[in-house]
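Reading the structure
Each chain, written out:
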Amino acid sequence: MTSFGKDPLPPYFGIDPEQAAGRLVEPIHTARFAKAAAFAARGRDELAKSGHAPDGNKRLRRFSTWEVCRYLIPVAPAHFRRVLKNDPTLPQGTGEGNSKWFSLEEVMTLRDHFAEEGAAHREYRPYRPEGLDAKVIAVANFKGGVGKTSTCAHLAMSAALDGYRVLVIDLDSQGSMTSIMGGQVQDEWQTAFPILARDYAQHISGENKVRTARGDAPIPLDETLTEALEVSPRNLIQTTHWSNIDLIGAQLNLYWAEFQVPVWRMQSRGWPLWDALTNGLDDSGILQDYDIVLLDTPPALGYLTINALAAADILIVPLGASFLEFDSTGRFFDMLYSTFASIEDGENAQRRHAGLPDVKFEWDAVRTLITRFDAAQQTDLANVIQAYFGDLMTTFRQDMTAMVGQAGEQVNGIYEADYRDFNRDTYVRGREAFDRTWAEVKELIVGAWWKDEQEAKHGEA
């Protein structure tokens, strides 16, 4: 290669045009995309199944006595073994000697037993006020690659291991969360799309009653809207390999909602499109069936994300400790302000004219979370980001560890990884990255529930 002094020239010098042209294939036509998609789908299935059982279905691994006593039920291993020995009706686990392994269902049964029979001051079950709705948490940022889906998945798994009943709703048509949870989604009618369509159809049906009473012709409902009226949001829920995590999955056709929702809004300007998901969760009773609902959003501030943010009680915004991600997240907040302030202004002008109270969006808490953190390289910038976001930022920064990276490669969450595949210290550090994140998010949930509980008590008084 031609050199400049002692050093070779960079590889972008000296490219021969004729040779470059010779390396090009024939022009790419649209059909080639279909072929690429088919190859990718086949490869995706094969890679996904590498983390599955031989029949292609994901199964959650069992948990050892050490894990149960350290992470799931706060009892000493010796006492744990004595309790099981003294009560053979309790799950005994599998394995020989002191090395017993328990399914998550068995852990939950044991958790209930200790809650009834154990020490009064121990937290065997997580705090959950009776009679209050589930807390809805949206994980959002319109920059891709910030760890949004990974964070959402691990929050779901953390909550499930803590004893909560969890529903995950995948609103990203890429379906990464659905893959992590082992979901199967055939078309848009098994996604959240029917929830939005049903809400619009119900709105039009209400308008038609008014029109009929006035003597006007009703607005016709097309086949999609007629079918959506027959869909219950409950029917969209599928179980997962986690006994207390359910899923409303996503697939590519869900993206159609981003085109269809504005068409519906143009047809009926009075339809509050941002409330469609909220109404679906409320009307179906889903918020009474679960403790926590987690919403994984697309990397864009589209109509699906707007619905997620409007439905959420708590917003988690992941970002990396880089200038570009800090800048992008700042613009994301700017767009959130512009979008929701605009909705408030537009709606309230009409509501005041009609003598109705103002609508106001509010969240119990909003937190930014630094993910994939490298303390050796990013501490200074992370401190700057912390200073600017202040109380909108979690105190813990989610470290990027070898275990986190390996779990991602295997389409698994770190809680699904068997600690015997790692050095014990590596496993502990890897878990800590998400245990501490869950601790901060759980504190937000518990605090918000407590406030709701106090308000409910004062309202009854």
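Residues numbered from 1 in each chain as written. Predicted model: local features only at pLDDT ≥ 70, side-chain atom pairs only at ≥ 80, totals over all residues. Heavy atoms only, no water.

Within the protein chain one finds 17 helices and eleven strands. By the burial criterion, 47% of the 461 residues in the protein chain qualify as buried. Of the contacts made within the protein chain by residues no fewer than 6 positions apart, 77% connect residues no fewer than 24 positions apart. Carbon together with sulfur atoms contributes 52% to the accessible area of the protein chain, which is approximately 24200 Å² in total. (Helix = DSSP H or I, 4+ residues; strand = E, 2+ residues; numbered from the N terminus. Buried < 20%, exposed > 50% of the residue type's maximum accessible area, 1.4 Å probe, protein only. Contact = heavy atoms within 4.5 Å. Areas by Shrake-Rupley, 256 points an atom, 1.4 Å probe, with all protein chains shown as cover.)

Our next topic: the packing of helix α14 (residues 323-353) against helix α15 (residues 375-389). Two quantities define a packed helix pair, namely the angle between the helix axes and the distance between the axes. In the contact formed by α14 and α15, the axes pass within 11 Å of each other and the chain directions differ by 15°. By the angle between their axes, α14 is roughly parallel relative to α15. Between α14 and α15 lies a crossing of right-handed hand. Across the interface between the two elements, F323, F326, T329, G330 and F333 of α14 pack against L381, I385, Y388 and F389 of α15. When its residues are assigned to classes, the contact of α14 with α15 shows seven nonpolar, two polar and no charged. (Axes fitted to C-alpha atoms, helices over the stretch in contact; angles between N-to-C directions. Parallel < 35°, antiparallel > 145°, perpendicular 65-115°, else oblique. Left-handed = near helix turned anticlockwise from the far one by under 90°. Nonpolar A, V, L, I, M, F, W, Y, C, P; charged D, E, K, R; others polar.)

Tallied over the entire structure, the rule returns 26 aromatic pairs. Their ring planes at 15° and their centres at 6.2 Å tell us that F80 and F114 sit as a pair that is stacked. Of this pair, F80 sits in helix α4 (residues 77-86) while F114 sits in helix α5 (residues 104-117), placing them 34 residues apart in sequence. No difference in accessibility class separates F80 from F114, as the two residues are buried. When the ring centre of W66 is taken as origin, the NZ or CZ atom of R424, which lies over that ring, is 4.0 Å away. The ring of Y71 has R431 lying over it, and the distance from NZ or CZ to the ring centre is 3.6 Å. (Phe/Tyr/Trp six-rings, centres within 6.5 Å; stacked < 30°, edge-to-face > 60°. Lys NZ or Arg CZ within 6 Å of the ring centre and 35° of its normal.)

Glancing now at helix α6 (residues 148-161). Given 3.6 residues per turn, any residue in an α-helix points the same way as the ones three and four places further on. Here α6 spans 20 Å end to end across 14 residues, near enough to the 20 Å set by a 1.5 Å rise per residue. Burial analysis of α6 places 13 of its 14 residues in the buried class, which makes it a mostly covered element. (Expected span 1.5 Å × (residues − 1).)

Ranked by internal contacts, the top residues of the largest apolar core, which has 63 residues, are I169 and L295. By residue number, the principal contributor to this core is helix α8 (residues 193-214), which donates seven residues. For L295, the contacting residues outside a window of four places in its chain are V136, I137, A138, V139, C152, I169, L171, L277, A308 and A311. V107, A159, V168 and Y415 belong to the second largest nonpolar core, which has 53 residues in total. (Core = buried A, V, L, I, M, F, W, Y, C linked by side-chain atoms within 4.5 Å.)

With that out of the way, let us pick up a negative patch on the surface. Together, D222, E223, E227 and E230 make up a negatively charged patch on the protein surface. Looking at the secondary structure, you find E223 in helix α9 (residues 223-228). For E223, a relative accessible area of 66% translates into the label exposed. (Patch = residues over 30% accessible without salt bridge, like charges linked within 9 Å, V, L, I, M, F, W, Y side chains within 5 Å. Salt bridge = Lys/Arg side-chain N within 4 Å of Asp/Glu carboxyl O. Lys, Arg positive; Asp, Glu negative; His and termini not counted. Charge placed at Lys NZ, Arg CZ, Asp CG, Glu CD.)

Attention now goes to the pattern of salt bridges. Should the charged atoms of two oppositely charged side chains come close, the side chains can pair. Applying the stated criterion across every chain, the model contains 20 salt bridges. Of the charged contacts in the structure, one is a salt bridge between R214 and D216, with a shortest N-O distance of 2.8 Å. Since its relative accessible area comes to 53%, R214 is described here as exposed. Here D216 falls in the partly exposed class, since its relative accessible area comes to 33%. Note that D358 is salt-bridged to R352, the shortest N-O span being 2.7 Å. Overlapping salt bridges bring together D112, E116 and R125 as one network.

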